[in-house]
Amino acid sequence: DCSENTGISVETLQNWLKALERKKQAIFYGPPGTGKTFLAQELARHLIGGSDGFTQVVQFHPAYAYEDFMLGIRPRQRGESLHYPVVPGHFLEFCARAAERTGPCVLIIDEINRAELARVFGELMYLLEYRGEKVRLSVDRREFSVPENVRIIGTMNTADRSIALVDHALRRRFAFIALYPQYKVLEHYHRREKTRFDTAGLVDILHKLNKEIEYNYQVGITFFLRRDLKEHIAGIWQMEIEPYLEEYFFDQPGRVSKYRWQAVEKQIMGAST
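Per chain, residue numbering runs from 1 following the sequence as it is written. pLDDT decides what is reported in this predicted model: residues at 70 or higher carry local features, side-chain atom pairs at 80 or more are listed and counted, and totals for whole chains, interfaces and linings draw on all residues regardless. Hydrogens and water molecules were not included; the side-chain quantities draw on all heavy atoms of the structure.

### Remarks on the overall build of the chain
Quick note on the threshold: Helix numbering and strand numbering both begin at the N terminus, where a helix is a DSSP run of H or I of at least 4 residues and a strand a DSSP run of E of at least 2. By definition, residues are in contact when any of their heavy atoms lie within 4.5 Å. Charge assignment in this entry is limited to Lys and Arg as positive and Asp and Glu as negative, and neither His nor the chain termini are counted. In this description, the location of a charge corresponds to atom NZ of lysine, CZ of arginine, CG of aspartate or CD of glutamate.
Each helix and strand counted, the chain has 13 helices and 11 strands in total. Long-range contacts, defined here as pairs at least 24 residues apart, represent 70% of the contacts in the chain between residues at least 6 apart. The averaged location of the 36 negative side-chain charges in the chain is 3 Å from the averaged location of its 37 positive side-chain charges.

This is the structure:
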């Protein structure tokens, strides 16, 4: 079912699951529009299966901090005055729920590389490598360990920040799964959904275009995973793909010109017209 939903082969999914079970945490990384978050959610559903486990999504951003994720002092109003209790962050709350379950519990961290990870994770950097160990948290000195049934799947957009900048300590703790435009997934989607959109021309154009783009910035397929693609593809190309290319080739307008909608429409539409 997971393979059918994602268009990814059973063998590939099994390899990813083996990596996730071996490390307990994995990161999907690649350019935008490659379906990283969708795949993370599908893999999480598969892991949970019919168990009592659950999945939760949190999105990182540049202002995200240790206090948000692990533990921090937060102001709370009591009557007309403020008090400052120590409040668990998203991950501690997630682990508390997971400890009450027996099935796998999957935390999906979307855009994981947009935060300063060493600062956000704190003591978790140790616990990710040494599952089963306990540490005292710096804020209130409580003992904390990650439940055995907790799995973490992150997504990393390489167009936002190069994967080369990722801390080596983090690399050692996660399995890294590369996800680049997979044209067979695009073809599989339109066959399965019976959209009557012939993807041959579109795949050919995307293949040529992406050969001219550095791999961390390639144009993904999720722009075109729509049942009504035939009605919307002109707008998608002109208002989403072309501006992206204008930014990428900002000093080479001639390279953008050959991928304007007027230049590629006939080939993309092909038998779909």
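### Structural notes on the pairing of strand E10 (residues 150-157)
Cut-off, in case you're wondering: Each residue's exposure class comes from its accessible area (1.4 Å probe, protein chains only) as a fraction of the maximum for that residue type: buried when under 20%, exposed when over 50%, partly exposed otherwise. At least two DSSP bridges between two strands are needed for those strands to be called paired.
The element E10 is extensively covered by neighbouring structure, given that 8 of its 8 residues are classed as buried. Here E10 shows a buried face lined by Val-150, Ile-152, Gly-154 and Met-156 and a second buried face lined by Arg-151, Ile-153, Thr-155 and Asn-157. Relative to E10, strand E1 (residues 25-30) is paired through 6 bridges, and the arrangement is parallel. Looking across to E10, one finds that Phe-28 is bridged to Thr-155. Relative to E10, strand E7 (residues 105-110) is paired through 5 bridges, and the arrangement is parallel. Among the inter-strand pairings, Cys-105 is bridged to a residue of E10, identified as Val-150.

### So, helix H10 (residues 200-211)
Spelled out, the test is: In this analysis, the expected span of each helix is defined as 1.5 Å times one less than the number of residues it contains.
If you check H10, its first and last C-alpha atoms are 17 Å apart, about what 12 residues at 1.5 Å a residue would give, namely 16 Å. Inspection of H10 places Gly-201, Leu-202, Val-203, Ile-205, Leu-206, Leu-209 and Asn-210 among the buried residues, and these make up the whole buried set.

### Side note on the pattern of salt bridges
As a reminder of what qualifies: A carboxyl oxygen of Asp or Glu within 4 Å of a side-chain nitrogen of Lys or Arg is what we treat as a salt bridge.
Counting across every chain of the model gives 14 salt bridges. Look at the salt bridges and you will find they share partners, linking Glu-129, Arg-172 and Arg-173 into a network.

### Notes on the pairing of E7
Counting buried positions over the 6 residues of E7 gives 6, a clear majority of the element. The side-chain alternation of E7 yields two buried faces, one formed by Cys-105, Leu-107 and Ile-109 and the other by Val-106, Ile-108 and Asp-110. Pairing geometry for strand E2 (residues 55-59) and E7, over 5 bridges, is parallel. Along E7, the bridge assignment pairs Thr-55 with Val-106.

### Examining the sheet that holds E2
Selection criterion: Helix axes use the C-alpha atoms of the stretch in contact, all axes being lines fitted to C-alpha atoms, and the angles between their N-to-C directions lie in the range 0 to 180 degrees.
Pairing is parallel across the open sheet formed by 5 strands, whose spatial order is E2-E7-E10-E1-E11. Two strands lie at the open edges of the sheet, namely E2 and strand E11 (175-178), each paired on one side alone. For this sheet, the mean inter-axis angle between neighbouring strands, taken without regard to orientation, is 20°.

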